[in-house]
Amino acid sequence: GLLNEEFPRHSTDKYKELRRLQLQLEIESTEEAVMKCLSTWNSARDRSDHTTIPAIRKVVTSWYGSLTEAIELEQWLYLNGDNKTSSSSQLDTQSGEDGGESTNSNGLQKTDVARDRTIYGPLLCLLPPQKTAILLAHTALSCSVAGGELGSKVVSLAIYIAQALETEVNVSRALRVRASQRKWKMNNLEDEGDEVDGVVQMSTKPPNGSDSLSDNITVDKWVYTATHLKRFLDELSGNGATSGDQKPLKGQGRLRPALVRKRCQDILLAEGFMGEGDDDGTTAPKRPISLTDFAEWDPVLKVKLGAALIRLLLEHTSFSKRRGSSPEPAFFYSRKKTGEMKFNGFVTIHPELLKIAMKEELSHDSSFISPRYMQNTRCQPMVVPPKDWKAVDDGGYETIKTEFMRTRHCKTQKDAIRHADLTQVFEGLNVLGRIPWKINQNVLDAACKCWDDGIALGDIPSQDNHQVPPLPTPLDYRDFNLLDDDEKKVQVDAFRIYKDAITKHFRFKQKNMDLHSLRCSAMLKLNQAKKFRDFEEIFFPYNVDFRGRAYPVPPHLSIVGSDLCRALLMFAHPKPLGPNGLYWLKVHLANLAGANKMSFDGRAQFADDNMESIRAAVDNPFGGNDWWMGFDDPFQGLATCHEIVKAIDSGDPANYMCSLPVHMDGSCNGLQHYAALGRDKVGGKAVNLCIADEPQDVYIGVMHEVIRRVAEDAQEMLPFDETKADLTKAEKELMKKIKSARLVNGLIDRGVVKRTVMTSVYGVTYIGARNQISEKIEEKLEDKGYDIDEMEAEINMACGYLASLTMEVMGQLFTGARQTMNWLTACARLIAQQGQPVAFVSPVGVPVVQPYRQKRPFTVVTLLQNVVLSNDSD
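Report follows, based on the coordinates. (Residues numbered from 1 in each chain as written. Predicted model: local features only at pLDDT ≥ 70, side-chain atom pairs only at ≥ 80, totals over all residues. Heavy atoms only, no water.)

With that settled, consider the overall build of the protein. When you go through the protein residue by residue, the secondary structure sums to 30 helices and 22 strands. Among the 874 residues that make up the protein, the fraction classed as buried is 46%. Long-range contacts, defined here as pairs at least 24 residues apart, represent 70% of the contacts in the protein between residues at least 6 apart. In the structure as shown, the protein presents an accessible area of about 44,200 Å², 51% of it carried by carbon and sulfur atoms. (Helix = DSSP H or I, 4+ residues; strand = E, 2+ residues; numbered from the N terminus. Buried < 20%, exposed > 50% of the residue type's maximum accessible area, 1.4 Å probe, protein only. Contact = heavy atoms within 4.5 Å. Areas by Shrake-Rupley, 256 points an atom, 1.4 Å probe, with all protein chains shown as cover.)

This part is about the pattern of salt bridges. Counted according to the given criterion, the structure contains 26 salt bridges. A salt bridge links Asp649 to Arg615, with the nearest nitrogen and oxygen atoms 2.8 Å apart. Of this pair, Asp649 sits in helix α22 (residues 634–649) while Arg615 sits in helix α21 (residues 611–619); the two residues are 34 residues apart in sequence, bridging distant segments of the chain. For Lys737, the salt bridge is made with Asp713, and the minimal N-O distance between the two is 3.8 Å. Linking Lys737 in helix α26 (residues 729–744) with Asp713 in helix α25 (residues 698–715), this pair joins segments that are 24 residues apart in sequence. Residue classification places Lys737 among the partly exposed positions, given a relative accessible area of 29%. On the accessibility criterion, Asp713 (13% relative accessible area) is buried. Among the ionic contacts, a cluster of salt bridges with common partners joins Glu705, Arg708, Arg709, Glu712 and Glu808. (Salt bridge = Lys/Arg side-chain N within 4 Å of Asp/Glu carboxyl O.)

Residue position: Pro574 is located in the loop between β16 (569–571) and β17 (575–576). Separated by 84 residues in sequence, Pro574 and Cys658 have C-alpha atoms that sit 4.9 Å apart. Residues within four places of Pro574 in sequence aside, it is in contact with Met657, Cys658 and Ser659.

We now examine the sheet that holds strand β14 (residues 542–545). Overall, mixed pairing links the three strands, which are arranged β12-β14-β15 in an open sheet. Two strands lie at the open edges of the sheet, namely β12 (405–406) and β15 (550–552), each paired on one side alone. Sitting on the sheet, helix α15 (residues 423–433) touches β14 and β15, and the angle it makes with β14 is about 130 degrees. (Pairing = 2+ DSSP bridges. Axes fitted to C-alpha atoms, helices over the stretch in contact; angles between N-to-C directions.)

Moving on: unusual backbone geometry. A positive phi is found at Arg679, a non-glycine position, where the angle reads about 50 degrees. Summarising the element assignment, Arg679 is placed in the loop between α23 (669–677) and α24 (681–686). With a phi angle near 65 degrees, Asn688 is a residue other than glycine that sits in the positive phi range. Looking at the secondary structure, you find Asn688 in the loop between α24 and α25.

Here we take up empty space enclosed by the protein. Counted according to the given criterion, the structure contains seven cavities of 30 Å³ or more. In this structure, the second largest cavity is lined by Leu671, Ser760, Val761, Met810, Gly811, Phe814, Ala817, Arg818 and Met821. Among the secondary structure elements, those contributing two or more residues to the lining of the second largest cavity are α29 (792–813) and α30 (815–833). In terms of residue count, α30 provides more of the lining of the second largest cavity than any other element does, three residues in total. (1 Å grid on protein atoms, 1.4 Å probe; cavity = no way out; pocket = protein on both sides within 12 Å on 5 of 7 lines; lining within 4 Å. Points joined across faces, edges and corners; volume = space filled by probe spheres on them.)

Our next topic: the packing of helix α16 (residues 441–453) against helix α17 (residues 485–531). Across the interface, α16 lies against α17 with an axial gap of 11 Å and an inter-helix angle of 140 degrees. Relative to α17, the element α16 is oriented oblique. The hand of the α16/α17 crossing is left-handed. Contact residues: Leu444, Ala447, Cys448 and Trp451 in α16; Arg519, Ala522, Met523, Leu526, Ala529 and Lys530 in α17. Here the contact of α16 with α17 is built from residues that sort into eight nonpolar, no polar and two charged. (Parallel < 35°, antiparallel > 145°, perpendicular 65-115°, else oblique. Left-handed = near helix turned anticlockwise from the far one by under 90°. Nonpolar A, V, L, I, M, F, W, Y, C, P; charged D, E, K, R; others polar.)

This is the structure:
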């Protein structure tokens, strides 16, 4: 009730004009962006000036024509069941020596291609060939650049390609739903077409024309009807599909009307909805269609479709190193060894093309983004309040399909939420969605300057890659059994050096790949912030994860994101600070600076003591006083500095209108829950559930105990000669412990143990804890001048020792939490033995079903290779 009073339902009239813009933002497609690129290309060609076009765009643009033709032919071959013609140039030019069926270089027969085409064909025909070609080219480029010299695994690339197509189809479906619902409300004022044998047959409008929704948003006719089938049906009936601006159909052999009609019906079934009336499509619709009428694509079909498009990509894309040189394949397929007895198929980009792409990666408008960030890029902030949640499939964006819960493909959970009373949860999400935000211009300008000037700060990563050491020369084979003891020792040492050099090489390659991902993330955040910087209000639709925790749907720029994301967003409607507001702004600044373990008065005094630096950060953030850059959260700190200075300079801080959000966090929230569940007073006090003069720091307590034990182990002397050859297992373990303790002694601080303490209550494993600690220890060793790549084995051993020690201390200091965890684990084990998942209903009515299951592998045969997928759904 109080929240609804604070953030009431907005007047629809206020956002009437903006809703048209919101619809345009949601239906923005990759094709539209690329059409702008093509327009720029054509303009440059007309001026005879191609120097203004980035090299990577020239190459990608040159692929569209050949890919479009190949995909269009593939669609026709499916619809007509033509097994004589192939879209593969290799299949057309290579014949078997015995005069039998033609094969390609991999031994792939036409019958194999035709058989697979009947499986993935309906999905391939859901989009126009040009749009599919654009999605294919950009997804393949993004994945290949992200994979670097190694390339992208075939299975990953196939799934990413299929997901890109499915996302585009989902927008088409949403617009079709929107059109259906509007017509339903208008009582079928305008009839879109007649249904004949389950296939939409338009009456007068041209098949490739466009239609306009009632709010003047022009949409391609492919979008919400099946009119892309009209050309085939016209040819069947002799109406002439080649009239006007349509291209003639391609292929060999006689047209088979009955088969084409059957294939058209299969396409409509693949789209997930047969007709907009009864099942036979012969009567008027009894209800408007909704997104629940459309099914998600099956993972097996995704892999087959993706592999088929990869085949077209390999055969119909090329790259010339220089003008006039003969073209070479832009992508290569190969099988590479990835384990002791494991091989994977990889698609690798041309080395020269990779160099060009990496050079242009750092531009603001880079045309390729790491594939993990390509998903859900449509889900951006909104310029109007989101649709209220009324059902689990009705809420959020205007057209983009948004799930109320991220169920992780758990059917049991989906069934549970459909039968639950979620009124209270819907109301909470609706209130969160109505909160208006705006972009913080000062922070955006500072972040863009960091990016443009190559300043690595916070979420803005370095733009310089690490120097990757070369791979070592392989060792000559020598029969180990024929070597004497000295030669064996030399050979073992040489192999260890060789193995370490290989590890070092791939370690630095991985670092560069991680940098690439961080740059993609930063680009998306900055680009979205610049896109919405001039709007007075922006909004975020919310949904919940499978535990019932609420999150904004946009994955890149949101208020629960990283330091940069949080700093870029402010409340759209400011409010007076009040008599104590400036005091709490100062406390907030101290928290961001890392001075958060003193009293509130001490934190406010911290800000007063650094007022000169605060003003310097506001007046000239890059003027030499880099005090704010040393914060744990530098961009939020800069935003707070601006508000403090503005409040003071206003002359009346109490009435200063402030719109800065102040984020609050729990003290090791997992331990807080366990302490509350077990009524553990000792644990509750350690995590600030009990009243105290100063905040308690659970991490400091664990840190002190770990430091004490490490110091004891480091001072321990070995009671034996460590150089002797016959060390026992116990002696080896003792020697490892002492060496590890001596390496990390003096390096342990709060940051080293924090993540392990924080995640221990969430079931962190030994390996996970070791990796968490390793990041901090490596930083400290590097600061001391150690070459961490030369001592990787020692660091790994020492961090494992420290992880075990930290988890041991946690179990001893927080016995109440440990006992509760053990009880819950025992319950989960008993429930699992009955073949049931752990499930419960939260206090606000959300049914929670734990989705964790053992993965079941299965094999999918594709046109490129066999692919093993794993399924952990129910």
